[in-house]
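As a plain string of letters, each chain reads:
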Amino acid sequence: MAKIELRAVSYAVPPSAAGDGRILRQVSLAVEAGQSLTILGPSGSGKSTLLRLCNRLIDPGEGELFFQGRPMFELPVVELRRKVGLVFQTPILLKDLSLRDNLLFAVHCCRKDSPGDEEALAKRLLDQVGLPVSILGQRPEELSVGQAQRLCLARTLATHPEVLLLDEPTSALDPTARLGIERLVAALRRDHTLTSIFVTHDLAQARRLGGRAAVLVRGRIVEEGPVEAILDHPAQELTQRFVSGNLEEGG
Amino acid sequence: MPETSLELGNSSLALSFLLVGSCLILLWVERLRIHGEVIVGTLRSFLQLIILGYIIDFIFSVDQLPWMFVMIGAMVVVGAHTARARARGLPRPWLLCIASLSAATLVSLGVIFLFGIVRFEGRYLIPLAGIVIGNAVRTLSISLDRLRGEMKNRRAEVEAALSLGAAPHLAAQPSRWAAIRAALIPSIDGMKIIGLVQMPGAMLGMLMAGAPPLEAVKLQIIVIYLLLSSNTVAVVAGIELAYRSYFTPALQLKPIVD
């Protein structure tokens, strides 16, 4: 049974001058428990929308999403969101909270968790993303983008998610910070209790991440398979064009 | 309290148009073409207040509670109509404004009359209800407008909080707080400088009606605390009702369209 599955999912926004508003078209995708998947596609192809659907920040117009074989809408939405954690493209710190309260936000917002020793939890979370505990003494605006993104990752891990969704988490970072986050994600992926979906438009990054990949172009999954095979021997014309850099923005 | 010692005849009223005239003359000298609006404003204020005078005169002369409640109800409805413009995009904005203004009126005037702070009589009830509702309309409008702006600007933060499993109440907390603060700060700041620059209305009225200054001051103090209470009730009720409608039953943030 797949950990997370999309069956013929379509999503559209109201049509505008820019297009017909259709963002995802009949997307079917399954990720088994403990597996990691990279979703590769040009910007505007619907990658972020796909992850937002998995965290139920939005619901599909057509089709269904499943978590461990159960339709997502049957699960209490808060419980689902805590099991399917989402890290956004740009680090979004809650401005009115201290860094410590940002880190432990998910713990504080659900009291029934009974965190026990918050200090120990904070230290463990920061260790996991390679940040020193002393960083909690800083103000949110003092962090570099890379540090902020690490903190956001730790904040998501605080819910003990079973699935981790990463929406181009390094696109706002400089090359060094980017590699740092990639190494963290690689370490998390080696932990086979965690299922993860990593979204990127960066071919080199997809190659570094390795594993299985799916190519999303114009709201459709056009190809799926081992990432090397897709990058070196694309079977579909759209994949070939994307890999060779001949696909316009927006797919 | 002595009967009004200020005898204002119709001739006084007619002569007061000289003051409007001074405005019109200056506008004419400046060649500023807003005299049309000045005339409309002058006539509207004249007519509206004369009509209000007759209505209150009627209600005082009948001196029956049901009529007073009808008048207060009408003030709430008219006030809700004004505040509703700021509640655009929300479902049932009319109901939301009526509920908030009614809560503000009931709670604040409830305290005033139940504790006997002011004697329960029509000549106190009607003016106090008027000042409460008038102020509450303004603060409610400010807060609803601000809530909308905050929810729009903080969209990413609200969704980040939701994605971590926060309930809408918590995800919208910074926006709710900003909206409440923005609406109440003018009242709070006003309390700090009251009496230093301009003489507040209730006190002015009592002084001119011949009351001893300290009596006038006591009433004014009660009125500002009354407004503090009623403004807070209106804003908190309005925001607590309004923020929910930015979310779907599945705890998703709805698109905010202009």
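Residues numbered from 1 in each chain as written. Chains lettered and ligands numbered in written order. Predicted model: local features only at pLDDT ≥ 70, side-chain atom pairs only at ≥ 80, totals over all residues.

All names here are of chain B. Segmenting chain B into domains produces domain 1 (13–62) and domain 2 (65–246). Averaged C-alpha coordinates put domain 1 and domain 2 at centres separated by 28 Å. At the interface, 5 residues of domain 1 touch 6 residues of domain 2. (Domains from an automatic or database assignment. Contact = placed C-beta atoms within 7 Å.)

Residues and elements named next belong to chain B. Its 13 residues place the ends of helix 2 (residues 17–29) 18 Å apart at the C-alpha level, agreeing with the 18 Å of an ideal helix rising 1.5 Å per residue. Of all the 13 residues making up helix 2, 0 are buried; the element is thus mostly uncovered. One or two residues past the end of helix 2 sits R31, with phi positive at roughly 55°. (Helix = DSSP H or I, 4+ residues; strand = E, 2+ residues; numbered from the N terminus. Expected span 1.5 Å × (residues − 1). Buried ≥ 20, exposed ≤ 12 C-beta atoms within 10 Å, placed from the backbone.)

Turning next to unusual backbone geometry. Residues apart from glycine generally show negative phi values, whereas peptide bonds are mostly found in trans. Residue R56 of chain A is not a glycine yet carries a positive backbone phi of 55°. With respect to the helices and strands, the residue R56 of chain A is situated in the loop between helix 1 (47–54) and strand 4 (62–67). In the Ramachandran plot, L251 of chain B falls in the positive-phi region, its phi being about 60° despite a non-glycine side chain. Residue placement: L251 of chain B occurs in the segment after helix 11 (213–243). What makes L251 of chain B partly exposed here is the crowd of 18 C-beta atoms within 10 Å.

Take the nonpolar core next. A154, L165 and V215 of chain A together with L101, V132 and L140 of chain B are the most contacted members of the largest nonpolar core, which totals 124 residues. For this core, the element with the highest residue contribution is helix 6 (residues 122–153) of chain B, accounting for 12 residues. Here L165 of chain A is in contact with L51, C54, N55, V84, G85, L86, V87 and I197 of chain A, once residues within four sequence places are set aside. (Core = buried A, V, L, I, M, F, W, Y, C linked by C-beta atoms within 7 Å.)

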